[in-house]
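Understanding the architecture of this molecule
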Amino acid sequence: MKAVVYQGPYEVAVEDVEEPEIEHPNDVVVDITTSCICGSDLHMYEGRTAAEEGIVFGHENMGIVSEVGEAVSTLEEGDRVVMPFNVSCGFCQNCEEGYTGFCTNVNPGFAGGAYGYVAMGPYPGGQAEKLRVPYADHNALKLPEGREHEDAFSLLADIFPTGWHGTELADLQPGESVAIFGAGPVGLMAAYSAKIKGAAEIYVVDQVPSRLELAEEHCDAHAIDFSEGDPVDQILEEHGGMVDKGVDAVGYQATDPEDVDTDTEDYSYQPAKENPAVVINNLIRVVRPTGQLGIPGLYVPEDPGAPDDMAAQGRLGIDFGKFFEKGLKCGTGQCNVKSYNRYLRDMIIEGRADPSWVVSHRVDLEEAPEMYEAFDAREEGVTKVLLEP
């Protein structure tokens with residue numbers, strides 16, 4: 001079958017790989033109808049992880065069940081399903097307590113598993129024609145038959161639940177104000193979730209105009225372009241003070257403008273330098289005392305392409321003294337998709353939510369190399385890419 005295979009930094013190719021088979025009675029095999037390119041795939045694509053050549057990418061997957069293991073009881077051939085990016089068992093202590101993103105059975109020596117991701121277990125990704133789903137009764141969410149809501153349902157694998165999770169980590173309540181750093185797919189979904197939850201004011205920070213326009217149009221957000229000046233100062237001025245809550249939807253490859261010349265008319269073409277701690281420190285500055293930060297953005301314990309030795313070891317220069325002084329709270333970690341996906345699915349079905357506006361491209365699987373390049377370059381208009389085998 002055809003699949004998207006990592007070739008080394010900044011290179012993927014569509015190659016022939018072995019088709020998955022039933023390996024355990026609780027497995028199913030799914031014929032993929034949609035698989036998404038995720039911002040976290042770019043960390044591997046850029047060579048910023050320990051990912052080895054030959055890994056099949058793709059942790060955001062949906063499709064039609066084509067083979068069913070004999071121990072599977074709730075799924076049948078022909079069922080339309082979407083899979084959380086988390087691979088989990090359903091019965092370890094963490095899973096039983098709802099922390100399916102930190103399953104201790106599926107990836108020995110590590111808390112958590114995922115499809116097609118470095119260090120997340122022996123589970124090939126779904127940017128391919130077929131995918132094996134272990135613990136399928138637990139890991140596959142059934143969807144209505146047909147093709148309706150295909151784009152929206154595909155986002156249940158990761159970015160819609162992860163955006164929602166960011167607001168949960170921040171304990172965002174109706175009527176509160178929130179600053180969301182990053183207007184990539186997860187940041188936009190965090191802003192959309194904040195709108196659904198009834199946030200009074202939403203600020204979204206980025207420097208890509210098309211992404212900020214989406215935040216304004218679909219999330220009723222205030223767009224903050226950090227290439228035009230300190231984003232915290234912009235929010236403080238526009239809001240009239242600090243916000244109640246904050247979300248980091250960027251992670252460890254955050255950047256800030258370098259040597260910004262305030263006398264120039266256009267900041268957007270000035271070079272940016274990587275600063276892994278800048279978003280967390282900006283959130284510490286902009287969230288009011290006793291407020292809360294949600295950090296779904298990815299941070300790693302090792303970064304081979306880090307800008308300095310400390311960051312290479314996953315250590316950041318965080319303003320913890322100010323964090324403590326303000327009595328801030330913080331929630332971190334990858335999303336436990338199963339805590340949210342069933343409810344978000346039903347919101348889509350009932351017309352209460354439709355996150356498909358974030359999708360900019362649906363292309364054939366063969367176009368994956370070109371789309372990885374465009375997405376990694378943050379090209380205008382490239383926000384969320386769906387691949388169709």
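Think of each chain on its own: its residues are numbered from 1, step by step along the sequence as written. A pLDDT threshold of at least 70 governs which residues receive local features in this predicted model, and a stricter bar of 80 or more applies before side-chain atom pairs are shown or counted, although totals over entire chains, interfaces and linings include all residues. Calculation of side-chain values draws on the structure's entire complement of heavy atoms; hydrogens and water are dropped beforehand.

- Looking up the protein chain in an unreviewed UniProt entry gives the name Glutathione-independent formaldehyde dehydrogenase, with the organism given as Halorubrum glutamatedens.
- UniProt positions are given in the numbering used here, feature names are shortened, and annotations may be inferred rather than shown by experiment. Quoted straight from UniProt, the Cofactor (unreviewed entry) entry for the protein chain says "Zn(2+)".

Some points on the environment of D171
- Helix numbers and strand numbers start at the N terminus; a helix is a DSSP run of H or I with at least 4 residues, a strand a run of E with at least 2. Within the secondary structure, D171 is located in the loop between α5 (159-169) and β10 (177-181).
- Each residue's exposure class comes from its accessible area (1.4 Å probe, protein chains only) as a fraction of the maximum for that residue type: buried when under 20%, exposed when over 50%, partly exposed otherwise. Under the relative-accessibility criterion, D171 is labelled partly exposed at 36%.
- In what follows, residue pairs with any heavy atoms lying within 4.5 Å of each other are defined as contacts. Beyond its immediate chain neighbours, meaning those up to four positions away, D171 contacts E176, K245 and Q292.

Focus: the confidence of the model for the protein chain
- Here the protein chain averages 95 in pLDDT, while 96% of its residues score no lower than 70.
- Each residue carries a pLDDT value, the predictor's own confidence for that position, ranging from 0 to 100. Contacts of residues 259-271 to residues separated by more than four positions or lying in other chains number 13 contacts, the stretch itself having pLDDT below 50.

Some thoughts on the UniProt feature "domain: Alcohol dehydrogenase-like N-terminal" (unreviewed entry) in the protein chain
- Sites flagged by UniProt as "domain: Alcohol dehydrogenase-like N-terminal" (unreviewed entry) map to residues 25-144.
- Along residues 25-144 the backbone is 11% helical and 28% strand, and the end-to-end C-alpha distance reaches 25 Å.

Quick notes on the pairing of strand β5 (residues 80-83)
- Taking every second residue as pointing to the same face, both faces of β5 are buried, with R80 and V82 on one and V81 and M83 on the other.
- A pair of strands is labelled paired if DSSP reports no fewer than 2 bridges between them. In this sheet, β5 lies alongside strand β4 (residues 60-68) in antiparallel orientation, the contact comprising four bridges. Of the residues in β5, the one forming a bridge with I64 is R80.
- Relative to strand β9 (residues 141-142), β5 runs antiparallel, the two being bridged by two bridges. Looking at the pairing, V81 lines up with K142 of β9.

What about the pattern of salt bridges?
- The salt bridge criterion pairs a side-chain nitrogen of Lys or Arg with a carboxyl oxygen of Asp or Glu, the two atoms within 4 Å. Under the defined criterion, the tally for this structure stands at 22 salt bridges.
- Where D27 meets R132, a salt bridge forms, and the shortest distance between an N and an O atom there is 2.9 Å. Of this pair, D27 sits in the loop between β2 (11-16) and β3 (28-37) while R132 sits in strand β8 (residues 130-133), and the two are 105 residues apart along the sequence.
- Put simply, R345 and D346 hold a salt bridge, and the shortest N to O gap is 2.9 Å.

Remarks on helix α9 (residues 278-286)
- Most of α9 sits out of view: eight of its nine residues are buried.
- Within the span of α9, buried status applies to V278, V279, I280, N281, N282, L283, I284 and V286.

Quick look at a nonpolar patch on the surface
- Taken together, I318, F320 and F324 make up a surface patch of nonpolar side chains, about 350 Å² in accessible area.
- Inspection of the secondary structure puts F324 in helix α11 (residues 320-325).
- Taking relative accessible area as the criterion, F324 reaches 66% and is therefore assigned exposed. Patch membership needs two things, relative accessible area over 30% and no salt bridge, and members are linked within 9 Å if like-charged or within 5 Å if nonpolar (Val, Leu, Ile, Met, Phe, Trp, Tyr). Note that accessible areas follow from Shrake-Rupley with a 1.4 Å probe, and for residues the cover is restricted to the protein chains shown.

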